[in-house]
Amino acid sequence: MRGKLLPLAGLYLVQGLPYGLQTGLLPVLLRAGGLSLTRVGLTKMLYAPWLFKLVWAPLVGTRGSPRAWLTLSTAALGLVCGLLAALHPAEGGQAELPVAVAGLLLLLNLGAAVQDVALDTLAMQLLEPAELGPGNTVQVVAYKLGSVLAGGGLLALVPTLSWPQLFLLLAATYWLAAALAWAIPALQQLPPPRPSELPPHTLHLLQDLLAVPGTLWTAGFVLTYKLGEQGASSLFPLLLLDQGLSAPELGLWNSVGAVACSIAGSSLGGALLSGRWKLLPLLRSVLQFRLGGLACQTTLLFCLDTPWARLDPGTVLRGAVLLSLCLQHFLGGLVTTATFTLMMCCSQLAHSALQATHYSLLATLELLGKLLMGTLAGALADSLGLHLCFSLFLALSAIPILYLSLAPRALA
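Residues numbered from 1 in each chain as written. Predicted model: local features only at pLDDT ≥ 70, side-chain atom pairs only at ≥ 80, totals over all residues. Heavy atoms only, no water.

The next point concerns the confidence of the model for the chain. As a note on interpretation, predicted positions should not be read in detail where pLDDT is low. Per-residue confidence for the chain gives a mean pLDDT of 81; residues scoring 70 or more make up 84%. Within the model, pLDDT remains below 50 along residues 195-202, and this stretch shows 13 contacts once partners closer than five positions in the same chain are excluded. (pLDDT = per-residue confidence, 0-100. Contact = heavy atoms within 4.5 Å.)

Once that is clear, we can look at a nonpolar patch on the surface. Together, Leu79, Leu83 and Trp175 make up an exposed nonpolar region whose accessible area comes to about 320 Å². Tracing the backbone shows Leu79 in helix α5 (residues 66-85). What makes Leu79 exposed here is its relative accessible area of 52%. (Patch = residues over 30% accessible without salt bridge, like charges linked within 9 Å, V, L, I, M, F, W, Y side chains within 5 Å. Areas by Shrake-Rupley, 256 points an atom, 1.4 Å probe, with all protein chains shown as cover. Salt bridge = Lys/Arg side-chain N within 4 Å of Asp/Glu carboxyl O. Helix = DSSP H or I, 4+ residues; strand = E, 2+ residues; numbered from the N terminus. Buried < 20%, exposed > 50% of the residue type's maximum accessible area, 1.4 Å probe, protein only.)

A pair of packed helices is characterised by two quantities: the angle between their axes and the separation of those axes. Following both chains from N to C, one finds helix α12 (residues 227-242) and helix α15 (residues 316-347) inclined at 155 degrees, their axes separated by 11 Å at the closest point. As the angle between them shows, α12 and α15 are arranged roughly antiparallel. Judged by the sense of rotation from one axis to the other, the crossing of α12 with α15 is left-handed. Along its contact with α12, which presents Glu229, Phe236, Pro237 and Leu240, the element α15 presents Val321, Ser324, Leu325 and Gly332. Taken together, the residues that form the contact of α12 with α15 break down as 5 nonpolar, 2 polar and 1 charged. (Axes fitted to C-alpha atoms, helices over the stretch in contact; angles between N-to-C directions. Parallel < 35°, antiparallel > 145°, perpendicular 65-115°, else oblique. Left-handed = near helix turned anticlockwise from the far one by under 90°. Nonpolar A, V, L, I, M, F, W, Y, C, P; charged D, E, K, R; others polar.)

Now for the packing of aromatic side chains. All chains considered together, the criterion is met by 6 aromatic pairs. Between Phe221 and Tyr403 the ring centres are 6.5 Å apart and the planes differ by 20 degrees, which places this aromatic pair in the stacked class. You can see Phe221 sitting in helix α11 (residues 215-224) and its partner Tyr403 sitting in helix α17 (residues 386-403), a full 182 residues away along the chain. Their ring planes at 65 degrees and their centres at 5.3 Å tell us that Phe390 and Phe393 sit as a pair that is edge-to-face. Of this pair, Phe390 and Phe393 both sit in helix α17, 3 residues apart, which is roughly one turn of the helix. You can call Phe393 buried: its relative accessible area is 0%. The structure contains a cluster of three or more aromatic residues connected by ring pairs, namely Trp217, Phe221, Tyr225 and Tyr403. (Phe/Tyr/Trp six-rings, centres within 6.5 Å; stacked < 30°, edge-to-face > 60°.)

Below, the structure is given as structure tokens:
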């Protein structure tokens, strides 16, 4: 199993770099530069290519080898980073994101989305059903580690490392990963799809995908399970910035510290799935814990809105809000690992030639749910007020717990 998991870990780590760049760095810098919560949230529109993975997923699954797609898309990411290094944008901290930089970040997300389809296809081909728990733990942990290296690490290095040096380093990382993806023995042993396995390209493709047992229920779950958590996690760090926490300190806690807790939660989820825990009962338990953690965080938010509230060093309130930040990421890691395992279990019920497209459908809906609330969270806070907004997040976090009672037997 190690010969499968180690290559997947390295490739998923590289895949997490663009996400960390745009979630760990840009929101903090733009908010510190004076942007409203609404405008900060709208920068998540750069993730739009991830919503269209179904366009190229059938090609990745049926034309050429996933290994070739993975190698080419990773090399293309290195090229985009090389172009970003040549732009020499204005110093970090300004309120506006240059149009050229935004355009190249959009291309970066396009390349990463193609890479994601190819890598997920390889993972489903490599992993046996008994290996899904550890495999999805590696996927989630490595992706988040790449995210924190590009997010929190970048935020700490920006004052000393120039923009061209940073992106040349990222370009070299991608080109090295492309070479490794082509040379890894475990990936070379996978056979290409046989012509007889190729699905017909008809207008009934979506109907075929939805006919896979458990698909409709899983689609509804992945679309809604992160709504409340994503809304709270998008706003809470920025509200701490408004309360006086410095951008470097917030970057440390919200990127390095929080993601370390998320990785710990994902690792625990994989260990539990490898043990005696069944998938759906584990998912129900961690969703209940997450709801309780969000309730505590909402209570702390109400406390921050009082005149006596201070986040000075050494205060109990400061320790409590930072602890709640880490706790929610820990529980979120548990939930994510269990959910991605559920998605892969459902996709493995599909025909082998449909698995890449089926998993891309579920992953697109999962991302759509997170992007929807991440993008609208700032506007909801500006229009509804923080108290009502976080109460809505609590209600949204309770929905997946109730929805689990409707799970089909095929996924039990």
